[in-house]
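Here's the letter readout for the chains.
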Amino acid sequence: MSEAISNDPTLGVLLVSGLRTHQENYAANFAKDPRCRLIGLTDEADVSAERAQLNQAYAAQLDVPYMHDLNQALSLPGVDLVSICAEPERRGRIVIQSAQAGKHVYIDKPMTPYLPVADQIVDVVAQQGVRSQMFSMNHLAWAQRAKQVLDSGTLGELVAIHADNLFAKGPAGTATLGTPRQAPFPPIISNFVDAKAELYAMSIYALGLVLWLAQRSVETVYGRTANYFFEAHQRHNVEDFGFLVLTLAGGINATVTGGRIGWTGHGGEGTNQVYLVGTKGAMLIDAYAPRIEIYDSAPPWVSPPVNPDDPMGFWGSTQRAVNTQPKRIYRPLAGSVHAKSDESHFIDCILEEREAVVNVRMAADLTEILLAGYKSASTGDVIRLPLERG
């Protein structure tokens, strides 16, 4: 734990990467927590000119200093926590560097696409005695309801679980259908302007929820990836949809879907739900239930204009630029929204000196499971864990 925590009632938060990353959400939530103060924004010294400009722009919006050199920023007094949103290819090494500097690390999802890097992160965090958390949906109200149901024993012993995370953004209907996808391995994991590998980027939520609810390790993985919705994903040879079939220790079966289904694929932000099957009963828990649905004479919701800087609607700033409107049909009732941010839960863990629900150990497990899924999608085989290192 850094010395500043014992001398100051607030935690100093250093941000890595700015606009057009999830830092747009994380920084805002850290800033809202009275136990935090934003120290500044930084990144690696050799980032591209475009990334540097986006970082500087966000630092100006937040009214915090922009520091061009991560090494120097980590040595500043008062930095207790680093919020890391660099691109997937860079994220892992920045986590390692920050933890080696004795800083707690809050990490964008997924933590890294490289298994040796994931293993190194786990070792460094343990050696340095810092706290860690990767962003997840596990603290949302509907996920917490699922945990409460399981803990109550109402369903008996868990025998099967299925989770969906399908994000309703992007102009769908442009993919060429009819050709089965041939998944490459290792997978292509890059944040293109107009596409992401969605099994990697989206199913991480559902997969993390499954591991947390089941509290069992994964033994085997079978995966498939597909292109159903977006031409851009096909052009970059990344999937817009994927699923995993898992066997967990103790004979529990689990399935997971993850993907992007287009703006009009759902009445809200997307399908986020979990099916729990036990020895005494079964239950579906939906992020949008209970809800009311509104159908009136107001003009119908329409997809926003395509922003060439962000055609898929990944980031809040780019969607505000084209005046994207919220969907009006689904209105979750009280109790179906979360009261505390994921970031504030991490602050709790730091101050109470306890492990986060999704720490780097679980994040590394998720990396291994996802890579096993991609390997299975490429070969058609069921993959048994652990994966070979090297």
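Note that the structure is predicted; figures quoted are calculated from it, not measured.

What about the overall build of the protein?
- What the protein contains, in helices and strands, is twelve helices and 15 strands.
- Taking 2.2 N^0.38 as the reference for a compact globule, 390 residues should give roughly 21 Å; the C-alpha atoms of the protein span a radius of gyration of 21 Å, in line with that estimate.
- Within the span of the protein, comprising 390 residues, buried residues form 57% of the whole.
- Expressed as a percentage of contacts within the protein between residues at least 6 apart in sequence, the contacts between residues at least 24 apart total 79%.
- In the protein, 32 positive and 41 negative side-chain charges are present, and the distance between their average locations comes to 4 Å.

As for the layout of surface pockets
- The calculated volume of the second largest pocket comes to roughly 560 Å³.
- Taken together, 31 residues make up the lining of the second largest pocket; nearest its centre are Arg20, Arg51, Glu87, Asn191 and Trp315.
- Put simply, the parts of the chain that give the lining of the second largest pocket at least two residues each are helix H3 (49-62), helix H5 (88-100) and helix H8 (198-214).
- In terms of residue count, H5 provides more of the lining of the second largest pocket than any other element does, four residues in total.

Some words on the pattern of salt bridges
- In this structure the tally under the stated criterion is 23 salt bridges.
- The salt bridge involving Glu87 is made with Arg51; its shortest N-O contact spans 3.5 Å. Here Arg51 lies in helix H3 and Glu87 lies in the loop between strand E4 (81-84) and H5, a separation of 36 residues in the sequence.
- Among the residues examined, Glu87 registers a relative accessible area of 24% and is labelled partly exposed.

Looking at the sheet that holds strand E8 (residues 218-226)
- Taken together, the seven strands give an open sheet; going across it, the order is E12-E11-E7-E10-E9-E8-E15, and neighbouring strands pair in mixed fashion. The open sheet terminates on both sides in strands that have one partner only, identified here as strand E12 (282-286) and strand E15 (383-384).
- As paired elements, E8 and strand E9 (residues 241-248) share eight bridges and run antiparallel to each other. Bridging from a neighbouring strand, Gly223 pairs with Leu244 of E9.
- Running at roughly 150° to strand E10 (residues 252-260), H8 makes contact with strand E7 (158-167), E8, E9, E10 and strand E11 (270-278) of the sheet.
- Of the strands in this sheet, E8, E9 and E15 are in contact with helix H12 (residues 360-379), which crosses E8 at around 55°.

Topic: the nonpolar core
- Grouped together as the largest cluster of nonpolar side chains are 112 residues, with contacts concentrated most on Met111, Leu213, Leu244, Leu246, Val274, Leu276 and Ile369.
- Top contributing element to this core by residue count: H8, with 14 residues.
- If near-sequence neighbours (up to four positions away) are discounted, Leu276 is found in contact with Ala146, Val149, Leu150, Leu155, Ala160, Ile161, Leu213, Gly281, Ala282, Met283 and Ile285.
- Counting residues in hydrophobic clusters, the runner-up holds five residues, among them Ala168, Ala226, Phe241 and Ile261.

Observations regarding helix H6 (residues 115-128)
- Look at H6: 20 Å from first C-alpha to last across 14 residues, which is about the 20 Å you get at 1.5 Å a residue.
- Those residues of H6 not exposed but buried are Leu115, Ala118, Asp119, Ile121, Val122, Val124 and Val125.
- Buried residues belonging to H6 abut H5, strand E5 (104-107), strand E6 (132-134) and H12.
- At the exit of H6 stands Gly129, carrying a positive phi of roughly 70°.

So, the sheet that holds strand E2 (residues 36-42)
- Here six strands make up an open sheet; going across it, the order is E3-E2-E1-E4-E5-E6 and the pairing parallel. Both outer strands of the open sheet, strand E3 (66-67) and E6, are each paired with one neighbouring strand and no more.

Looking at the packing of helix H7 (residues 141-152) against H8
- Axis separation between H7 and H8 bottoms out at 10 Å; the angle between their running directions is 25°. Between H7 and H8, the angle falls in the class roughly parallel. Judged by the twist between their axes, the crossing of H7 over H8 is right-handed. Taking contact as the criterion, the partners of Trp142, Ala143, Gln144, Ala146, Lys147 and Leu150 in H7 are, on H8, Leu209, Trp212 and Leu213.
- Looking at the contact of H7 with H8 residue by residue, the classes come out as seven nonpolar, one polar and one charged.

Cut-off values and rules
- Residues numbered from 1 in each chain as written.
- Predicted model: local features only at pLDDT ≥ 70, side-chain atom pairs only at ≥ 80, totals over all residues.
- Heavy atoms only, no water.
- Helix = DSSP H or I, 4+ residues; strand = E, 2+ residues; numbered from the N terminus.
- Rg over C-alpha atoms; globule rule 2.2 N^0.38 Å.
- Buried < 20%, exposed > 50% of the residue type's maximum accessible area, 1.4 Å probe, protein only.
- Contact = heavy atoms within 4.5 Å.
- Lys, Arg positive; Asp, Glu negative; His and termini not counted.
- Charge placed at Lys NZ, Arg CZ, Asp CG, Glu CD.
- 1 Å grid on protein atoms, 1.4 Å probe; cavity = no way out; pocket = protein on both sides within 12 Å on 5 of 7 lines; lining within 4 Å.
- Points joined across faces, edges and corners; volume = space filled by probe spheres on them.
- Salt bridge = Lys/Arg side-chain N within 4 Å of Asp/Glu carboxyl O.
- Pairing = 2+ DSSP bridges.
- Axes fitted to C-alpha atoms, helices over the stretch in contact; angles between N-to-C directions.
- Core = buried A, V, L, I, M, F, W, Y, C linked by side-chain atoms within 4.5 Å.
- Expected span 1.5 Å × (residues − 1).
- Parallel < 35°, antiparallel > 145°, perpendicular 65-115°, else oblique.
- Left-handed = near helix turned anticlockwise from the far one by under 90°.
- Nonpolar A, V, L, I, M, F, W, Y, C, P; charged D, E, K, R; others polar.

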